[in-house]
Amino acid sequence: MYCPRKRGATMCGLGGLARVDGCPLADDADAILSAMATTIGHRGPDDREVTREGAVGLAFTRLSLVDPEGGAQPLVSPDGSLVLIANGEVYNHRQLAAGQKLLTGSDCEVLLSQYARHGIRFLENVHGMFAIVLWDRRANKLVLARDRFGIKPLYYHRTAERIVFSSEIKALFADPETPRKIDWGRALIHPMMSSAPVLVPMKQTTWFQEIQSVPAATVIEIDLGTGATRERRYWDFPTAGAGESMSDSELTERYGALLAESVADCATADAELGLFLSGGIDSSAVAALAVGQGTQLHTFTALTGSTHVNGDAENARRVANHLGLPNHQVVFDAARVPSVEEWKRLLWLLETPLCGVEQFYKHELHRYARAERPELRGMLLGAASDEFNGGYSVDYGLGEGWDSFEGSLAAMLRNGALYRRPELAPWWSQLSEPIFQDDVVFRMGATTPADPYQVFLEREYAKIQQYNCWHEDRTAAGSGIEARVPFLDHRLVELVVGVPAAQRSRLLWDKRILRDATRHLLPASIVDRPKVPFYYGAGEQHTYRMLARMLSQDGYALVEEALAGSDAADYFNAAGVRKLLHRLTDRPESQDVELALQAINVGLLASMAAELPAPIVKRPVDIRLSAVDVDDLSAENGHVVEHLGYRPVVHDKAVLEFGAEALLLRSMDDDDWFLVLNGEIEYVIDNENPVWRRFLAGVDGVRSVEDLLNLAGGSWTDVELFVYEAVEQRILQVTGATVDG
């Protein structure tokens, strides 16, 4: 039986099963429930409840962010007719509870009274992040529901006789009736796997056969006597341009006020909170607003070869100093490569083939944060700002303005339609200018052309569920931390999606609405800093090399396990996989290594699902991380470069020579210069940088860097980045010799 407890929901693990055919659960359900609780134990190491009654069994694990002294679940209504387990938080619980007498201090208790009053419509006025399992004893119904953006996960497998549900897919496998097979067909064609430059509807997938995800913004109601099911959306993604009519300044002011409210909601906790700080406007704005509301935070930044070169690390330190916050620059040096077991553990924790460098770094930041700050239970994030605030407009618009951005979206929508009529593609792909209107594709493909901007936003909404919320939840949960995402407040999203078309170029180009709304909180250098990818762009070669080394270690152990996975032989060309991976090991600078990794991940997940790993909570990874305490994190700081180990320190007395497989070639008229590696042209050296040309021409294995600079008639800053990149690509190498001076 259930008894009411004191308070709290926050970060939890939910699990359970129920008969949907009018029968009670058998005694074997107890072992399944216990195994489920163990499997999701990392999500809630502070408390555990397992119980069974009649047709329903529930498993619950809890992490104490709110009211650490109380907060056990299930929660029960005063008359005992409603039973609830919930993962997450109801931010407006005080308003919803006005005039009511509650039995506990839990923010989620209001969900019981809301359901008693409104039935299946009970979440329409609820504001928060949550996954809910509610048992209506009187009506003999089971209710499953999630928040508007799917921030909190909830999966299920259903047969004619019963349903099993959990916060993580791996816990469903405790039920022997749940299939444990990868859905290869859906995985290989999913748009996020191939990153194809097209706009097409993005359907959600769990990556596993016969495993479903409760849709975001949806309530599923199941009659436990007959199995009859009702599904109802309580929130729909808004229509672009359909917002209120306001001036630019009014919209910006409203945006700033809503963001401040959302940060205040997310920063509410009785335990310590941290913040991932990248030095960009998103996380910096969250940090500034949290500090302005009196929240004390430790901030955490990934210091890698990429974030050092692209300026993320340096700017994160600047923001932290400006706000008076401690900043932990967590070092990922060149030797930090995930082991085979480490990668498999991370992949199994995430349960998605979309597991890569970003997820590794974030998981490790959470792990460091929890080790360094044992009382820390929640992490504020700047995630999911780009998707609706215009964060991708500059990239898609090629820096040329909003019209160019919308033109790119139209082209991507057309390309998606051409997948259905590929014979039409040459009219656009083979001519330098289009000579037919785009709607020809839709008319001849018998589809209705849509507003490209609306389709883009809806795709971003789907992507947030499939990718952002998924991995932010798991990478945090692996260390017993809850991820909190202030930018995923439905009021914020409704505001920016609703910006009228005539105002988008002013408010949404390069996230102008966010920058202007927070301009009074941060230095101009941060507010106006261009968007920088987490690890792409400058310094991305460091990332690709790490992945290549990981895949090649122990005789390509990860690759071979993936090839041996369930059904892998029906899909993989094993010889092609091995040939590609060996080539990428020799030339790891290619972005191909990331795409290949996702395919390898599918095979690994198939292998692990067939032979389940031990629960993650019992397999800690004992690898120490450290933080560097250096005020100067600029790309020119040789000390940091040496500490990271990504570059050799090329001092002025060092001697350079060409690598064994490298050549410098010149055309007959000496106009075109080429750097060749392994018989392939890697770089064209144009005549716009004569200092770099003269420097290369003097490399002979005898001259020092100082001599080469004198010969070239330039300074180290003229050639520094070129030299380092050439050394990293093994075109140039430091001989080990120095010239006495």
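Residues numbered from 1 in each chain as written. Predicted model: local features only at pLDDT ≥ 70, side-chain atom pairs only at ≥ 80, totals over all residues. Heavy atoms only, no water.

Q: Would you mind going over the overall build of the protein in detail, with residue names and values included?
A: Secondary structure summary: the protein contains 29 helices and 23 strands in total. In terms of overall size, the protein behaves like a compact globule, its C-alpha atoms giving a radius of gyration of 28 Å where 741 residues would be expected to give roughly 27 Å. If one aligns the C-alpha atoms of the protein with their principal axes, the spans along those axes are about 90 × 60 × 55 Å. Buried residues in the protein amount to 58% of all 741 residues. (Helix = DSSP H or I, 4+ residues; strand = E, 2+ residues; numbered from the N terminus. Rg over C-alpha atoms; globule rule 2.2 N^0.38 Å. Buried < 20%, exposed > 50% of the residue type's maximum accessible area, 1.4 Å probe, protein only.)

Q: Any details on the pattern of salt bridges? Residues and values, ideally.
A: On inspection of all chains with the given rule, the structure shows 56 salt bridges. Glu358 is the salt-bridge partner of Lys362, the closest N and O atoms lying 2.6 Å from each other. Here Glu358 and Lys362 lie together in helix H12 (residues 357-372), a separation of 4 residues that amounts to about one turn. Bridged by salt links that share partners, the residues Arg43, Glu168, Lys170, Glu351, Asp473 and Arg474 form one connected network. (Salt bridge = Lys/Arg side-chain N within 4 Å of Asp/Glu carboxyl O.)

Q: Explain unusual backbone geometry to me, and be specific about the residues and the numbers.
A: One non-glycine residue, Ser195, lies in the positive phi region at around 55°. A relative accessible area of 58% places Ser195 in the exposed class. Positive phi values are uncommon outside glycine, yet Trp207 reaches one of about 75°.

Q: I'd love a proper account of the layout of surface pockets, names of residues and values included.
A: The computed volume of the second largest pocket comes to approximately 800 Å³. The wall of the second largest pocket is formed by 45 residues, among which Pro201, Met202, Gln204, Glu458 and Ala462 lie closest to the centre. When residues of the lining of the second largest pocket are traced back to their parent elements, those giving at least two are strand S8 (155-158), strand S10 (212-213), strand S12 (229-233), helix H15 (402-418) and helix H18 (452-477). Tallying contributions element by element places H18 first for the lining of the second largest pocket, with 10 residues. Its residues assigned to classes, the lining of the second largest pocket shows 23 nonpolar, 12 polar and 10 charged. (1 Å grid on protein atoms, 1.4 Å probe; cavity = no way out; pocket = protein on both sides within 12 Å on 5 of 7 lines; lining within 4 Å. Points joined across faces, edges and corners; volume = space filled by probe spheres on them. Nonpolar A, V, L, I, M, F, W, Y, C, P; charged D, E, K, R; others polar.)

Q: Kindly report on the pairing of strand S1 (residues 12-19), identifying the contributing residues and their values.
A: Along S1, 7 of the 8 residues are buried, which leaves the element largely enclosed by surrounding structure. Where S1 and strand S3 (residues 56-62) come together, 7 bridges link them in antiparallel fashion. Its bridge partner being in S3, Gly13 is matched across the sheet by Thr61. As defined by bridge partners, S1 adjoins strand S9 (residues 162-166) across 5 bridges and the pair is classed as antiparallel. By the bridge assignment for S9, Gly15 is matched with Ser166. (Pairing = 2+ DSSP bridges.)

Q: Go over the sheet that holds strand S6 (residues 128-136), please, and point to the residues and values.
A: With antiparallel pairing, 6 strands are arranged side by side in an open sheet as S4-S5-S6-S7-S11-S12. Every other strand in the sheet has two partners, leaving strand S4 (75-76) and S12 as the edge strands with one partner each. Both S4 and strand S5 (residues 82-90) contribute to a ladder of 2 bridges, which runs antiparallel. Across the sheet, residue Val76 finds its bridge partner in S5, namely Val83. The strands touched by helix H3 (residues 110-118) are S4, S5, S6, strand S7 (141-146) and strand S11 (218-223); relative to S5, the strand with the most contacts, the crossing angle is about 120°. (Contact = heavy atoms within 4.5 Å. Axes fitted to C-alpha atoms, helices over the stretch in contact; angles between N-to-C directions.)

Q: How would you explain the environment of Leu259 if you had to name every residue and give the values?
A: Relative to the helices and strands, Leu259 resides in helix H7 (residues 248-266). With relative accessibility at 1%, the residue Leu259 sits in the buried group. Once the C-alpha coordinates of Leu259 and Leu492 are considered, the two residues, 233 residues apart in sequence, prove to be 6.9 Å apart. Beyond its immediate stretch of four places on either side in the chain, Leu259 contacts Leu289, Phe487, Leu492, Leu514 and Thr518.

Q: Can you break down the packing of aromatic side chains residue by residue, with the values?
A: Applying the stated criterion across every chain, the model contains 25 aromatic pairs. Centre to centre, the rings of Tyr115 and Phe122 are 5.3 Å apart; their planes meet at 90°, and the pair counts as edge-to-face. One exposure class covers both Tyr115 and Phe122, and it is buried. Geometrically, the ring pair formed by Trp184 and Phe572 is edge-to-face, given 5.6 Å between the ring centres and 90° between the ring planes. Here the residue Trp184 occupies a position in helix H5 (residues 184-189), and Phe572 occupies one in the loop between helix H23 (540-563) and helix H24 (574-586), the gap between them amounting to 388 residues. Phe572 matches Trp184 in its accessibility class, with the two residues each being buried. Among the aromatic side chains, those forming a connected cluster through ring pairs are Tyr392, Tyr396, Trp402, Phe405, Tyr453 and Phe456. (Phe/Tyr/Trp six-rings, centres within 6.5 Å; stacked < 30°, edge-to-face > 60°.)

Q: Explain the sheet that holds strand S20 (residues 662-666) to me, and be specific about the residues and the numbers.
A: Strand order in the open sheet formed by 3 strands is S20-S21-S22, with antiparallel pairing between adjacent strands. Lying at the two open borders of the sheet, with one neighbouring strand each, are S20 and strand S22 (680-685). Neighbour-to-neighbour, the strand axes of this sheet turn through a mean angle of 25°, independent of strand direction.

Q: Residues and numbers for a nonpolar patch on the surface, please.
A: On the surface, Trp427, Leu431, Ile435 and Phe436 cluster together to form a nonpolar patch covering roughly 390 Å² of accessible area. Its location among the elements puts Ile435 in the loop between helix H16 (426-429) and helix H17 (439-444). Judged by relative accessible area, which is 53%, Ile435 ranks as exposed. (Patch = residues over 30% accessible without salt bridge, like charges linked within 9 Å, V, L, I, M, F, W, Y side chains within 5 Å. Areas by Shrake-Rupley, 256 points an atom, 1.4 Å probe, with all protein chains shown as cover.)

Q: Can you break down the confidence of the model for the protein residue by residue, with the values?
A: Looking at the protein, pLDDT values average 89 and 93% of them are 70 or higher. This model gives residues 1-9 a pLDDT under 50, and the stretch forms 44 contacts once residues within four places in sequence are excluded. (pLDDT = per-residue confidence, 0-100.)

Q: Requested: an account of the packing of helix H27 (residues 690-698) against helix H29 (residues 716-728), with residues and values cited.
A: At a minimum axis separation of 9 Å, H27 and H29 run at an interaxial angle of 50°. Classified by the angle between their axes, H27 and H29 sit oblique to one another. Considering how the two elements wind past one another, H27 and H29 form a crossing that is right-handed. Residues Val691, Trp692 and Phe695 of H27 pack against Asp718, Val719, Phe722, Val723 and Ala726 of H29. (Parallel < 35°, antiparallel > 145°, perpendicular 65-115°, else oblique. Left-handed = near helix turned anticlockwise from the far one by under 90°.)

Q: Run through the nonpolar core, naming residues and quoting values.
A: Core analysis: the biggest nonpolar cluster contains 182 residues, and Leu123, Tyr255 and Phe388 have the highest contact counts within it. Among all residues touching Tyr255, those that are not within four sequence positions of it are Asn389, Phe487, Leu492, Leu495, Val496, Ile513, Leu514 and Ala517. Among the nonpolar cores identified, the runner-up in size contains 24 residues, and Leu675, Trp692, Leu708 and Ala726 belong to it. (Core = buried A, V, L, I, M, F, W, Y, C linked by side-chain atoms within 4.5 Å.)

Q: For H3, give the residues involved together with the corresponding values.
A: Of the positions making up H3, those classed as buried are Val110, Leu111, Leu112, Ser113, Gln114 and Tyr115. Looking at the buried positions of H3, the neighbouring elements they touch are S4, S5, helix H2 (93-96), S6, S7 and S11. Phi turns positive one or two residues past the end of H3, at Gly119, with a value near 65°.

Q: Please set out the pairing of strand S2 (residues 47-53) residue by residue, giving values where relevant.
A: Inspection of the sheet shows S2 paired to S3 by 7 bridges, in the antiparallel sense. Note on S3: the bridge partner recorded for Asp47 is Arg62. Connecting the antiparallel pair S2 and S3 is a turn made up of 2 residues, with Gly54 showing a positive phi of about 60°.

Q: Can you break down the side chain of Glu168 residue by residue, with the values?
A: Considering the arrangement of structural elements, one finds Glu168 in the loop between S9 and helix H4 (169-172). Residue classification places Glu168 among the buried residues on the basis of a relative accessible area of 0%. Within the structure, the side chain of Glu168 is placed 3.0 Å from the side chain of Arg43, a separation counted as a polar contact. With residues up to four places along the chain from it excluded, the contact list for Glu168 reads Ile40, His42, Arg43, Tyr155, Leu349, Glu351, Arg474 and Ala477. (Polar contact = N/O pair within 3.5 Å; in protein donor to acceptor, adjacent residues only side chain to side chain.)

Q: Explain the side chain of Gln114 to me, using residue names and the numbers behind them.
A: Relative to the helices and strands, Gln114 is located in helix H3. Leaving out residues up to four positions away in the same chain, Gln114 has contacts with Leu96, Gln100, Gly119 and Phe122.

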